[in-house]
Amino acid sequence: MMIRFVRAVVLSGILLASGAISQAAPPNIVFFLVDDLGWTDVGCFGSAFYETPHIDRLASEGVRFTQAYAACHVCSPTRATMMTGRHPFRHGVGTPAGTPTLPASELALPEIFTQEGSPYATGSFGKWHLGSGNTGPATTGGWDKFAGIIRGGVQDYLDWNKVEDGVQTNNVTTYTTTDQVNEAVEFITAQGIDPWFVWMGFNAPHTPFHDPPAGLAPPGGYSAQAAGESANSWNYRKTLEALDTEMARLDRKSTRLNSSHALISYAVFCLKKKTTK
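Conventions used here
- Residues numbered from 1 in each chain as written.
- Predicted model: local features only at pLDDT ≥ 70, side-chain atom pairs only at ≥ 80, totals over all residues.
- Heavy atoms only, no water.
- Helix = DSSP H or I, 4+ residues; strand = E, 2+ residues; numbered from the N terminus.
- Buried < 20%, exposed > 50% of the residue type's maximum accessible area, 1.4 Å probe, protein only.
- Areas by Shrake-Rupley, 256 points an atom, 1.4 Å probe, with all protein chains shown as cover.
- pLDDT = per-residue confidence, 0-100.
- Contact = heavy atoms within 4.5 Å.
- Axes fitted to C-alpha atoms, helices over the stretch in contact; angles between N-to-C directions.
- Parallel < 35°, antiparallel > 145°, perpendicular 65-115°, else oblique.
- Nonpolar A, V, L, I, M, F, W, Y, C, P; charged D, E, K, R; others polar.
- 1 Å grid on protein atoms, 1.4 Å probe; cavity = no way out; pocket = protein on both sides within 12 Å on 5 of 7 lines; lining within 4 Å.
- Points joined across faces, edges and corners; volume = space filled by probe spheres on them.
- Salt bridge = Lys/Arg side-chain N within 4 Å of Asp/Glu carboxyl O.

### With respect to the overall build of the chain
Looking only at helices and strands, the chain features eight helices and seven strands. In the chain, which comprises 277 residues, the share counted as buried stands at 53%. As displayed, the chain offers around 12300 Å² of accessible surface, 53% of which is attributable to carbon and sulfur atoms.

What follows is the structure in structure tokens.
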């Protein structure tokens, strides 16, 4: 199922752009990859505890995969599989603590766009975590543009080290999730009327657990702490609500900035059992 899904993502852009499928303009594509989100923690999969209205809207307007499984229970092998369409035993990416480097010999999704002569500009924003240093997203992944984090997470969502096209800036104070969406919006704006593919590799709601900015709260404010709920669990919920707010902002901006192209949004979750309580 995972491999077929990756092929569908690639083909939905390449075939439309190449004219294999008749359409006035190829669609723009936003691919959301959310890190460490439990599959039961969104409303569209039955949760009444977690509030994710935008993610739920994406699900209601699209397709939910109810019997699909990640390639691995941790992030790096799963990311490599999503980017190559190959199982971990083939691409060789192991656990984040072991061998998380994507081999240069692997054909990554952006490189397929290039090989096929696609007109798409490709941008990756957020978490990379596939090795090869600060230039890995370009040299190994083939991305035209990258801005985000190279390693597995940030030390603080309001004090973190950012890499943009190989150049590192330390102690960035813009909230991580907001900065990632800002970078994506800037990239989309720069494309004008040309088609684009955006990979949004959010690190939220991955640890460290924290209290997100008040300005990202949903209407009515963040959810109140439930009776008996730990501080970590409550902060996780609020971080997820802030993420949902920023996902909605990106979708709104994407649609408005380039209305001549249809917008296809894929919401994919790197899932595992949480230990927040």
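### Overview of the confidence of the model for the chain
Per-residue confidence for the chain averages 86 on the pLDDT scale, and 85% of its residues sit at or above 70. Low pLDDT, under 50, characterises residues 13-22; the predicted model gives this stretch 17 contacts beyond four residues in sequence or across chains. Note on residues 270-277: pLDDT is under 50 here. Beyond four places in sequence and across chains, it has 26 contacts.

### A few points about the packing of helix H2 (residues 53-61) against helix H8 (residues 231-257)
As a packed pair, H2 and H8 sit with axes 7 Å apart at the nearest point and diverge in direction by 55°. Judged on the interaxial angle alone, H8 and H2 are oblique. Counted together, Pro 53, His 54, Ile 55, Arg 57 and Leu 58 of H2 and Asp 244, Met 247, Ala 248 and Asp 251 of H8 form the full contact between these two elements. Residues belonging to the contact of H2 with H8 are distributed by class as follows: five nonpolar, one polar and three charged.

### A word on the layout of surface pockets
For the second largest pocket, the calculated volume is near 280 Å³. Lining the second largest pocket are 14 residues, with Asn 134, Ile 149, Ile 150, Arg 151 and Gln 168 positioned closest to its centre. Across the lining of the second largest pocket, the residue classes tally to four nonpolar, nine polar and one charged.

### Here's the deal with the pattern of salt bridges
For the coordinates displayed, the defined rule picks out twelve salt bridges. With a shortest N-O distance of 3.8 Å, Asp 251 and Arg 57 are connected by a salt bridge. Here Asp 251 is found in helix H8, whereas its partner Arg 57 is found in helix H2, with 194 residues between them in sequence. With its nearest N and O atoms 2.8 Å apart, the salt bridge here joins Arg 86 to Glu 106. Of this pair, Arg 86 sits in the loop between helix H3 (75-84) and helix H4 (88-91) while Glu 106 sits in the loop between H4 and helix H5 (109-115), and the two are 20 residues apart along the sequence.

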